[in-house]
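A closer look at the structure
So the chains spell out like this:
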Amino acid sequence: MSLLAVDGLRADVNGKPILKNLSLRVEAGEIHAIMGPNGSGKSTLANVLAGRPGYEVTAGQVSFNDADLVGMAPEARAQAGLFLAFQYPVEIPGVSNMEFLKAAWDSHLAAQGAQPESAVGFMKRARTLAASLGLNPEFLKRGVNEGFSGGEKKRNEILQLLLLEPKLAVLDETDSGLDIDALQTVAAGVNRFRSADNGVLLITHYQRLLNHIVPDQVHVLSEGRIVASGDRHLAEKLEAEGYAWLSE
Amino acid sequence: MAVGVEALQDLEAPPWLDAEGFRRCRQALDGKLARETWKYSPLPKVANALIRADAHRQPPAVALPPEAALHRLDESDAPPLEIDLNRYPLAGIAAARAGAGWLIDVKRTPSHPLRIPAPAPGAVAAPLLVRVAPGCRVELEQEALPRNDGSPMPQPKRGGVAAMPSPAGLRAQVLVLSLAADSEAHWAAAQFTPDVEEWSLLQAHLQRNAALTLNQQCAVGGFLRQDVNVVLGGQGARLASVGAALVRDGGRLDQQLVVEHASRGTVSRIKQHNLAAGRSRCTFNGRIHIHVGAAGADADLSNRNLALDPSAEVNTKPELEIYNDDVRCAHGATVGQLDAEALFYLLSRGLETWQAQRLLSLGFLRDGLAGPFAEPAAEAFAAHFASA
Ligand SMILES: Nc1ncnc2c1ncn2[C@@H]1O[C@H](COP(=O)(O)OP(=O)(O)OP(=O)(O)O)[C@@H](O)[C@H]1O
Ligand SMILES: [Mg+2]
């Protein structure tokens, strides 16, 4: 049984076909990188997996841990262990980051039928993790992503990843807009998350991230389909030669 | 309009108003401006309730610090109250009922906030003028918060929409702030009495470089009509207002704000977040008036409204009147539902839909909280959603 199995997936965004017969398998313990030109459908795939409204599966299957993802509510997917790090994390003024993280964690525990963790214990854990990602504890008191810089928002996504401990992490360009230090911090966070039990789908434009997070496979998405797959050397070739050779 | 005219004829003009002025004030009840500004609330009913309310002529029960003194308004050296009775005729009626009013004269900066009690239900208080001397700073507070015992906010007694104030329950107050040059006043009000019925006028005049901060937060299950008029009369005078209101099922809130930039370099910053739940009616009318002489005026008004329920009615009307080219003016009013992006973000983290909606509603309200009651008000809002 694969952690994630996508077969012949077709999906529309607001009635427009974007994903066209996409197939992909991620096993536990694996990291898959997804690269591809702007507008090729990478974020669409991520959003379809997470169940964003407006993204409609028109054909194919998606199973996650043997459960059929299509038709599952977004919160049920999250509770089942799917995590999407947003390309553009949302700002929510008036809701503190800490309260948001605690609510998210509580909902995971509740879904598993577990008792809620004490607020004190959770806050301590959150503060320690935040510090390890170079996020000042002050960020936990601020509104969710409110006024965070681009890099701070991405660190905050990784903080959520580490706190929620999902089975599959879909990271949509979490490396974009990061300075060199932040890139290393975020990469270290992902490597820390990585284990034999979970998987990562890493959407990126840059080979440099893959120097820090070594993928098991690299796929190229173009016009809604995977047009090439290979090991990390595929990413190096793309970096050097671009995407044009793929369509020749 | 069937204002209780007979009852009005029995009233005598308040001491600071001559007979002719009072006649005009009574006329204004039937005037065009009254019709416009009372489009969403029943002026005749409120006027009648005022005429029949208990007149509260005693001095306000304020524990005065040594830096401030209390006087009868008509025995003080204060000039007549500057209230536009054409716009606020109810102020004339309130004064006719409850007497000339009182003056709190703040001559030096008090070390503590002045706590101004709200009138009792069914009572109309005499107008209160707070005069702040040049360079002084005063904090004014009025607070009716639920007790912080973790229990949910009590439900309003009445079922269904509060169509109008019941004649017996309306309370009324008129507060006038007069800020001398370089002075500063902070007005913080928290109104969480579940089925309050209130009309109030807050009238402020600011001289050169004076600064006024307003933080009004409330949960309305009954009827609340708030008139606020701030006149930035002196050069460089500044207003900063941040407020949040939860209009609960059956509640009716009507906020009418008029800010007048009457001098050069005056600044106003207004942010009001109102959430209408259940079957309720929520009105915010924000009017910015920039006068001819107010070069370099800078106004920014943002009113955001959330209608949680399809049967909640929200009215928001931005009004700009600008008689000067050299100004900066931003005026935004929105009515919407919860932000779909934010909702999906929370769901994608595993929160249940109802939890996410609650958190976003609460966040929206808390984003409109500031000042000394921000924290207890946030708790009171949270208690509401916990019991909703
Ligand atoms: N809400 C939408 N309505 C219509 N078209 C959309 C919508 N969202 C995405 N698309 C279209 O779907 C296509 C794929 O977009 P997607 O965001 O998946 O690309 P991407 O590969 O993530 O690109 P990038 O590298 O720029 O992030 C694009 O042509 C885009 O314009
Ligand atoms: Mg994208």
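In case you missed it, the structure is sitting above this.
Reference entry: report on the structure contained in this document. Just so you know, these numbers come straight off a predicted model, no measurement behind them.

A count of helical and extended segments in chain B gives 8 helices and 19 strands. Along the longest, intermediate and shortest principal axes, the C-alpha atoms of chain B span 65 × 45 × 45 Å. Across chain B, every contact between residues at least 6 apart in sequence was considered, and the portion connecting residues at least 24 apart equals 88%. Averaging the positions of the 38 positive and the 42 negative side-chain charges in chain B gives two centres separated by 2 Å.

Listed by partner, the interface residues are 31 residues for chain A and 20 residues for chain B. Buried surface at the junction of chain A and chain B, summed over both partners, amounts to about 2,000 Å²; 62% is from carbon and sulfur atoms. Where chain A packs against chain B, one counts 3 salt bridges. A salt bridge links Arg52 of chain A to Glu341 of chain B, with the shortest nitrogen-to-oxygen separation between them at 2.6 Å. Summed over the shared surface of chain A and chain B, the result is 13 residue pairs in polar contact (both at pLDDT 80 or more).

Per the counting criterion, the structure on display carries 31 salt bridges over all chains. One salt bridge in this structure joins Glu157 of chain A and Arg349 of chain B, with 2.7 Å as the shortest N-O distance. In this pair, Glu157 of chain A sits in helix α6 (residues 150-164) while Arg349 of chain B sits in the loop between α6 (340-347) and α7 (353-366), so the two residues belong to two different chains. Here the two residues Glu157 of chain A and Arg349 of chain B agree in accessibility, since each one is buried.

So, about the nonpolar core. If you look at the biggest cluster of nonpolar residues, it comprises 108 residues, and the most contacted ones within it are Leu49, Ile92 and Leu159 of chain A. Excluding its chain neighbours within four sequence positions, the residues that come into contact with Ile92 of chain A are Gly143 and Val144 of chain A together with Ala342, Tyr345, Leu346 and Leu360 of chain B.

Evaluation of the coordinates by the stated rule reveals 2 cavities of 30 Å³ or more. Taken as a whole, the largest cavity holds about 120 Å³ of empty space. Of all the elements in the fold, those that place two or more residues in the lining of the largest cavity are β11 (211-220), β12 (223-232), β14 (252-261) and β15 (267-276) of chain B. A per-element tally of the lining of the largest cavity places β14 of chain B first, with 3 residues. Across the lining of the largest cavity, the residue classes tally to 5 nonpolar, 6 polar and no charged. Considering only enclosed or pocket space, the second largest cavity measures out at about 40 Å³ in volume. Along the walls of the second largest cavity sit Ala50, Pro74, Arg77, Ala78, Leu82, Phe83 and Leu84 of chain A together with Ser348 of chain B, which together make up its complete lining.

Here we come to the sheet that holds strand β1 (residues 4-13) of chain A. Within a sheet, neighbouring strands are paired by backbone hydrogen bonds and run either parallel or antiparallel to one another. Judged by pairing direction, the sheet is antiparallel, and its 4 strands sit side by side in the order β2-β1-β4-β5 (chain A) without closing on themselves. Looking at strand neighbours, the two that pair on one side only are β2 (16-26) and β5 (67-68) of chain A, the edges of this open sheet.

All told, the structure shown has 5 aromatic pairs over all chains when counted by the stated rule. Members of the aromatic cluster, each reached through a chain of ring pairs, are Phe86 and Phe100 of chain A together with Phe344 and Tyr345 of chain B. Against the face of Trp105 of chain A rests Arg125 of chain A, its NZ or CZ located 4.9 Å from the ring centre. For the cation-ring pair, Arg225 of chain B lies above Trp38 of chain B, with the distance from its terminal atom to the ring centre recorded as 3.7 Å.

Before going further, it helps to examine the environment of Gln217 of chain A. Residues and elements named next belong to chain A. Turning to its location among the elements, Gln217 is positioned in strand β11 (residues 217-222). Distance in space between the C-alpha atoms of Gln217 and Leu234 is 8.8 Å, their sequence separation being 17 residues. Not counting residues up to four positions away in its chain, the partners in contact with Gln217 are Ile31, His32, Ala33 and Gly230.

On to the pairing of β11 of chain A, then. All names here are of chain A. As judged from the 4 bridges shared by strand β3 (residues 31-35) and β11, these two strands associate in the parallel manner. Bridged to Ile34 within β11 is His219. Two elements, β11 and strand β12 (residues 225-230), share 5 bridges in a ladder whose sense is antiparallel. The residue of β12 that forms the bridge with Val220 is Ala228. Between β11 and β12, which pair antiparallel in sequence order, lie 2 residues; one of them, Glu223, sits at a positive phi of approximately 45°.

Conventions we followed
Residues numbered from 1 in each chain as written. Chains lettered and ligands numbered in written order. Predicted model: local features only at pLDDT ≥ 70, side-chain atom pairs only at ≥ 80, totals over all residues. Heavy atoms only, no water. Helix = DSSP H or I, 4+ residues; strand = E, 2+ residues; numbered from the N terminus. Contact = heavy atoms within 4.5 Å. Lys, Arg positive; Asp, Glu negative; His and termini not counted. Charge placed at Lys NZ, Arg CZ, Asp CG, Glu CD. Buried area = accessible area lost by both parts, 1.4 Å probe. Salt bridge = Lys/Arg side-chain N within 4 Å of Asp/Glu carboxyl O. Polar contact = N/O pair within 3.5 Å; in protein donor to acceptor, adjacent residues only side chain to side chain. Buried < 20%, exposed > 50% of the residue type's maximum accessible area, 1.4 Å probe, protein only. Core = buried A, V, L, I, M, F, W, Y, C linked by side-chain atoms within 4.5 Å. 1 Å grid on protein atoms, 1.4 Å probe; cavity = no way out; pocket = protein on both sides within 12 Å on 5 of 7 lines; lining within 4 Å. Points joined across faces, edges and corners; volume = space filled by probe spheres on them. Nonpolar A, V, L, I, M, F, W, Y, C, P; charged D, E, K, R; others polar. Pairing = 2+ DSSP bridges. Phe/Tyr/Trp six-rings, centres within 6.5 Å; stacked < 30°, edge-to-face > 60°. Lys NZ or Arg CZ within 6 Å of the ring centre and 35° of its normal.

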